[in-house]
Amino acid sequence: MLDLPQLLTYAAALSGSAGLLYAGVLFLVALISVLAPTPERRKDARTTLSILVRRRSR
């Protein structure tokens, strides 16, 4: 059976990994939106980026 501190460590590591993955995806989409060779791809990347960083009202 896992101890609570060990479980919290795993949860923190998983949360950090998910945050880094999300930041990496945002960076990649932003890079594509700037460097894409065709206007359609740049527009698609910008649309995707706007969806990913959209803020919802609370």
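Above this note sits the structure.
Residues numbered from 1 in each chain as written. Predicted model: local features only at pLDDT ≥ 70, side-chain atom pairs only at ≥ 80, totals over all residues. Heavy atoms only, no water.

A. Quick peek at the overall build of the protein chain. Scanning the protein chain from N- to C-terminus turns up two helices and zero strands. Going through the 58 residues of the protein chain one by one, you find that 9% of them count as buried. In the form shown here, the protein chain has an accessible surface area of approximately 5300 Å², with 66% of it arising from carbon and sulfur atoms. (Helix = DSSP H or I, 4+ residues; strand = E, 2+ residues; numbered from the N terminus. Buried < 20%, exposed > 50% of the residue type's maximum accessible area, 1.4 Å probe, protein only. Areas by Shrake-Rupley, 256 points an atom, 1.4 Å probe, with all protein chains shown as cover.)

B. Quick peek at the environment of Ser 17. Counting through the fold element by element, Ser 17 comes out in helix H1 (residues 4–35). With relative accessibility at 45%, the residue Ser 17 sits in the partly exposed group. Within polar-contact distance, the side chain of Ser 17 engages the backbone oxygen of Ala 13 at 2.9 Å. (Polar contact = N/O pair within 3.5 Å; in protein donor to acceptor, adjacent residues only side chain to side chain.)

C. Summary view of a nonpolar patch on the surface. Together, Phe 27, Leu 31, Val 34 and Leu 35 give the surface a local cluster of nonpolar side chains, amounting to about 430 Å² of exposed area. Mapping Leu 35 onto the fold places it in helix H1. Overall, Leu 35 belongs to the exposed group, its relative accessible area being 59%. (Patch = residues over 30% accessible without salt bridge, like charges linked within 9 Å, V, L, I, M, F, W, Y side chains within 5 Å. Salt bridge = Lys/Arg side-chain N within 4 Å of Asp/Glu carboxyl O.)

D. Highlighting the side chain of Ser 33. Positionally, Ser 33 belongs in helix H1. Only 2.7 Å separates the side chain of Ser 33 from the backbone oxygen of Ala 30, close enough to count as a polar contact. In contact with Ser 33, other than residues within four places in its own chain, are Arg 42, Ala 45 and Arg 46. (Contact = heavy atoms within 4.5 Å.)

Remember that the coordinates give geometry; whether it matters functionally is a separate question.
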